[in-house]
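Results of the structural survey
Listed here are the chains, written in short residue letters.
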Amino acid sequence: MATTAGLDLDQGRPLPAIGTTEAKLQQRKLDALNRGIHHIKVAADLPYSIHLVGVGAEGAQIVETVLREAPEDLLDAPGARFTGLAVDIGDEALARVRNAVGRFPKEKSQIETLALEEPEQAQLQSTLARYPEFLNLEYPFNHANADAAAWLSADTPMRNEDGAVPRAVSKASYGQAYYDGDRRMFSALKRFAKSVDQTEGDSIVCILFGLGDSAGNGIAMDLARHLSSRMFGRRMLVTGIGIMPHRDNMTPKAAAQLHAVFSELDVLCDDTKNKGVELSCGDLYKNPFTAGFMVVPQSRSQSSEQASETTRQRLLELFTRRQGANLWEALRLLNWVAAPSTQHSAARTPWGARWIHLLGFGADTDIPTNHDLRAELGLTTGYQPEFLELRTPEDPENALAEAWSERLNQSFLPEVPIKRTPGATETTVQYLLPRLALTDLQAFFDARAAYDAEDTKRRSEHHALLLDQGLLLCEPSNVIEGMAGANIDKGRQWIAVPRTDLRRDDIVGV
């Protein structure tokens, strides 16, 4: 936001005029950023522990990369600890995680994998028949809904034509492991939380999953709310990190599914929409990502496999450089940077519709002199950040850092000139674009159009988050006109989220 009168793109309100109290507070915030008050001066002797939950194959691969390639001194600080959990349907990706465990000292770590069973229709139907019972035990004020046990029909295929597990099936497999039988998922989350609580000093939990991975994104949001709200009682900082699908993998069906994923994240992370969900569905649907949500785009100049490897390497840097302090600084940067370090503002300040923070990076083989960064990141033309910090190699005269700083300034025109801070490797840079709305992502518009082009039955299989409430989030309500969330059959469930706010049909991507 500027300190001159204008329009707040987040809410459509006039910006504070020069001289007003609100404008002065905003200027103090930006001045604090300029002074680098969010920086951690000395990280070596303090534990800034990062704990990882990898969901689906993409999330598990990131956990594996950290286990294999983290610096030897990652846990050297007194009291430092690492807790890792990888969850997927099937065991292929998880076996590689287990093979990488050996480098971490057992006395300072706990690392576990959980392979959910390959879906079987009969077993899932048995679990779904008891879902109203499970929900009544979990939510004392649960609104009984006839559709709560009807969201996976007996003729739903357990896998798509490409072999992927549909999101609705992924959610059922997770629910079976969390609620039913020996409750393996429930027990694994309890063990994870207990290990995190043994960490001395500060901790952040990162939940990692692919936004295009139907096993990962079909599970991740339920897992996040159970871990954040139930296991931690919302006292732990939890960051969501979603990996954007590579454009080579964006089939029409994948794009249609992405619309449902975006919409579900929107009703969790936008505090106004989230209140509308809580009102009907209960406080366990409160936004679980207490320390915000990051989106990581995949490189468009690389193949899908190369881009995936690059993404894993850059996240490795974010999690492990300076023993975790880089991620802590990034999260402090994203909010009121003047807040004391003991009062992390991401845990208490609502983001509104601009809840996305986008992680970007570059390499010395790709100096962006003539690059269209907006197009490469998949951003529309209207986005302008308040601030932008570039993490660079230590050498202040580094030509790579200079080129990226100049190009980022030209591309995004941040209100505060780009600040460069050391902490990257000698051949890479990283930056975080703060406060994007879904409408700042071109993929949002592509996904919306692809979803609308699908038939009704196909669209229902793309949903996950509110299925156990008997609702298809992206369809129009049949209870309250103008709201989102259609009941699957005869139920009368509702959420107070206007469908126009979810879809933003008044905005066209450019």
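See the structure shown above.
Presented here is a report on the structure given in the accompanying data block.

Cut-offs used in this document
- Residues numbered from 1 in each chain as written.
- Predicted model: local features only at pLDDT ≥ 70, side-chain atom pairs only at ≥ 80, totals over all residues.
- Heavy atoms only, no water.
- Helix = DSSP H or I, 4+ residues; strand = E, 2+ residues; numbered from the N terminus.
- Buried < 20%, exposed > 50% of the residue type's maximum accessible area, 1.4 Å probe, protein only.
- Contact = heavy atoms within 4.5 Å.
- Areas by Shrake-Rupley, 256 points an atom, 1.4 Å probe, with all protein chains shown as cover.
- Axes fitted to C-alpha atoms, helices over the stretch in contact; angles between N-to-C directions.
- Parallel < 35°, antiparallel > 145°, perpendicular 65-115°, else oblique.
- Left-handed = near helix turned anticlockwise from the far one by under 90°.
- Nonpolar A, V, L, I, M, F, W, Y, C, P; charged D, E, K, R; others polar.
- Salt bridge = Lys/Arg side-chain N within 4 Å of Asp/Glu carboxyl O.
- Arc of directions from axis to C-beta.

1. A short note on the overall build of the protein chain
The helix and strand inventory of the protein chain stands at 17 helices and 14 strands. Considering the protein chain as a whole, with its 510 residues, one finds that 60% of them fall into the buried category. In the protein chain, of all internal contacts separated by at least 6 residues, the share reaching a separation of at least 24 is 78%. For the protein chain, the computed accessible surface area is about 20,200 Å², with 51% contributed by carbon and sulfur atoms.

2. A few points about the packing of helix α2 (residues 56-69) against helix α11 (residues 304-320)
Running from N to C, α2 and α11 point in directions that differ by 60°, and their axes come no closer than 9 Å. Compared by their axis directions, α2 and α11 come out oblique. The chirality of how α2 crosses α11 is right-handed. On α11, the residues that touch Q61, I62, T65, V66 and E69 of α2 are S308, R312, Q313, L315, L316, F319 and T320. For the contact of α2 with α11, the class distribution of residues is five nonpolar, five polar and two charged.

3. So, the pattern of salt bridges
Applying the stated criterion to the full structure yields 30 salt bridges. Taking the shortest distance from any N to any O, the salt bridge between R225 and D468 comes out at 3.5 Å. One end of the pair, R225, is in helix α8 (residues 214-231); the other, D468, is in the loop between α16 (456-461) and β13 (471-476), with 243 residues separating them in the sequence. Look at R225 and you get buried, because its relative accessible area is 1%. When the shortest N-O distance is used, the salt bridge between R435 and E386 registers 3.5 Å. Here R435, found in strand β12 (residues 428-436), pairs with E386, found in the loop between α13 (373-377) and β10 (389-392); they are 49 residues apart in sequence, far enough to count as distant. Across the pair, E386 and R435 agree in class, each one buried. Through salt bridges that share partners, K171, D222, R225 and D468 make up one connected network.

4. Here's the deal with helix α4 (residues 121-129)
Looking only at α4, the buried set comprises Q121, L124, T127 and L128. All buried residues of α4 project into a common sector of 125° when viewed along the axis, lining one side. With respect to the buried face of α4, the exposed residues turned more than 90 degrees away are A122 and A129. Tucked inside the fold, the buried residues of α4 contact α5 (131-138) and α6 (167-179).

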